[in-house]
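Overview (structure and organization)
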Amino acid sequence: MDRLTAGPVSSAVRLRPQSIIERVTIGGRDHEHIDTRLSRRFAERARTTVSLALSTNASAAPCKRAGAYSVSRPREGDGENISTNRSSRKSSILMNGYDNLRGVLVGDDDLAQVCRDLPDSACREQPRNYGLHVVCLSLTRVGEGLADTKLVLAWLLDAIGAPTWAIGLLVPVRESLAMLPQLLISARIRRLSIRKTVYVTGCVVQGAAIVGFGLVGLTLSGNAAGIVAIGLIAAFALGRSICSISHKDVLAKTVDRGRRGSVSGIAGSIAAAATLLLAAGYATGWIPLTLPVVAGAVILGGMTWLLAAFVFGSIREDPGASEGGIDGLAAVIAQLALLRSDARLQRLIATRALLLSTALAPPFFIALSGDRQPSGLGTLGLFMIAAAAASLSSS
């Protein structure tokens, strides 16, 4: 265990992978330990306490729960130093707030160096890799907002006169081909020691497919547009499938488990805000809701995936284990017997099957929205606002 002391004679401790600060000694007295595995709020509070103790040489009283401390006021004998101590407190708090904000944005703070399940080499690169993960995931989420399959692409096909069957197949093709192939390829991807190249390939495939979809909206119509569009969505879904597997592996190898959730949360909030602005422009008429504009936005969405591929390729990934992969298809077949014996599993699958309507219905709502008819149900902008607001509130 590392030990942190503060007082007349102090020594700083460096936060290292797997390290836990056992106790804090201030003014010759031991106090409760600071566990670096605690939440950011408690760890930041403890770090501020140590900073204040070094500047004021005050004693800290232990709190009832680990990771939290209270700093006692200066003794009356320190009269002439009170103003200086207060100024030091304010300065420390301001600097700490700046560090927190910078850490949230780029992951470059002391806590970014606390690694519980990463080797030393990956821990040193964690602040940089964390920022690249946030940027990459934000770009792909923005692309999903600009080229939402259920809303934007369905509107585009309806606008160019594609057949109804093509609009109805958009979501089933995308969802099925994004999930089912994972059963076949997950073990093969696991055999690769470096997996970021798989994600980069998937991003390129998705970006090219979405750019092609936008071009279809500008150049084709009728049955031809429907056939090509479904083919492009199938390619997009396959790219999404390999990205889904490889991204989780690379994230686990480059970012500590305590920070992985914030990558998705920050990216989701950024993407939802950007999509909300575009949707508001469509709904208010500030951005014309015309075929060339929407097709151009779809092409722009495809380019965000291409840019995300470039960003993700910059992540520094160390070679990882290539054994232990499980054949997903064989595992599913082996567990099919659970459907006959587990009543709770049966109810869960039945409930999820009934909820499929929520995923399949939006394209048909868009087809009925009647943007070019006074009696329509609504506009694309309003649907996008509802979807973006729901995504923002849940991220």
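Let me begin by describing the structure that accompanies this report. As the structure is a prediction and not an experimental result, all values here were calculated from the model.

Take a nonpolar patch on the surface next. On the surface, Leu184, Leu329, Val332, Ile333, Leu336, Leu339, Leu348 and Ile349 cluster together to form a nonpolar patch covering roughly 680 Å² of accessible area. Per-element accounting of the nonpolar patch gives the leading share, three residues, to helix H12 (residues 328-334). When you line up the elements, Leu336 lands in the loop between H12 and helix H13 (338-341).

With that settled, consider the pattern of salt bridges. Within this structure, the stated rule accounts for five salt bridges. Between Arg316 and Glu125 there is a salt bridge; the shortest N-O distance is 2.9 Å. Residue Arg316 is found in the loop between helix H11 (291-313) and H12, and its partner Glu125 is found in the loop between helix H3 (120-124) and helix H4 (126-146); the two are separated by 191 residues along the sequence. Classification of Arg316 as partly exposed rests on a relative accessible area of 44%. Using a relative accessible area of 23% as the deciding quantity, one classes Glu125 as partly exposed. In this structure, Glu144 and Arg240 form a salt bridge, with 2.8 Å as the shortest nitrogen-oxygen distance. Highlighted residues: Glu144 in helix H4 and Arg240 in helix H9 (residues 222-254), separated in sequence by 96 residues.

Counting 52 residues, the largest nonpolar core has Leu153, Leu157, Leu170, Phe213, Tyr282, Leu380 and Met384 as the members making the most contacts within it. For Phe213, the contacting residues outside a window of four places in its chain are Leu153, Leu156, Leu157, Leu170, Ala229, Leu232 and Ile233. If you look at the next biggest cluster of nonpolar residues, it comprises seven residues, including Tyr130, Leu137, Val255 and Val263.

Here we come to the side chain of Arg195. The residue Arg195 is located in the loop between helix H7 (182-190) and helix H8 (196-219) in this model. Reaching out from Arg195, the side chain makes a polar contact with the backbone oxygen of Arg190 at a distance of 3.0 Å.

It is at 10 Å that the axes of H7 and H9 come closest, and there the two elements cross at 45°. Judged by the angle between their axes, H7 and H9 are oblique. The handedness of the crossing between H7 and H9 comes out as right-handed. Contacts between H7 and H9 involve Gln182, Ile185, Ser186 and Ile189 on the former and, on the latter, Ser241, Ile242, Ser244 and Ile245.

For the rest of this paragraph, the subject is H4. Residue pairs three or four apart in sequence face the same way in an α-helix, which turns once every 3.6 residues. For H4, spanning 21 residues, the distance from its first C-alpha to its last is 30 Å, which sits close to the expected 30 Å at 1.5 Å a residue. Within H4, 17 of the 21 residues are buried, which leaves the element mostly enclosed by the surrounding structure.

Rules of the game
- Residues numbered from 1 in each chain as written.
- Predicted model: local features only at pLDDT ≥ 70, side-chain atom pairs only at ≥ 80, totals over all residues.
- Heavy atoms only, no water.
- Patch = residues over 30% accessible without salt bridge, like charges linked within 9 Å, V, L, I, M, F, W, Y side chains within 5 Å.
- Areas by Shrake-Rupley, 256 points an atom, 1.4 Å probe, with all protein chains shown as cover.
- Salt bridge = Lys/Arg side-chain N within 4 Å of Asp/Glu carboxyl O.
- Helix = DSSP H or I, 4+ residues; strand = E, 2+ residues; numbered from the N terminus.
- Buried < 20%, exposed > 50% of the residue type's maximum accessible area, 1.4 Å probe, protein only.
- Core = buried A, V, L, I, M, F, W, Y, C linked by side-chain atoms within 4.5 Å.
- Contact = heavy atoms within 4.5 Å.
- Polar contact = N/O pair within 3.5 Å; in protein donor to acceptor, adjacent residues only side chain to side chain.
- Axes fitted to C-alpha atoms, helices over the stretch in contact; angles between N-to-C directions.
- Parallel < 35°, antiparallel > 145°, perpendicular 65-115°, else oblique.
- Left-handed = near helix turned anticlockwise from the far one by under 90°.
- Expected span 1.5 Å × (residues − 1).

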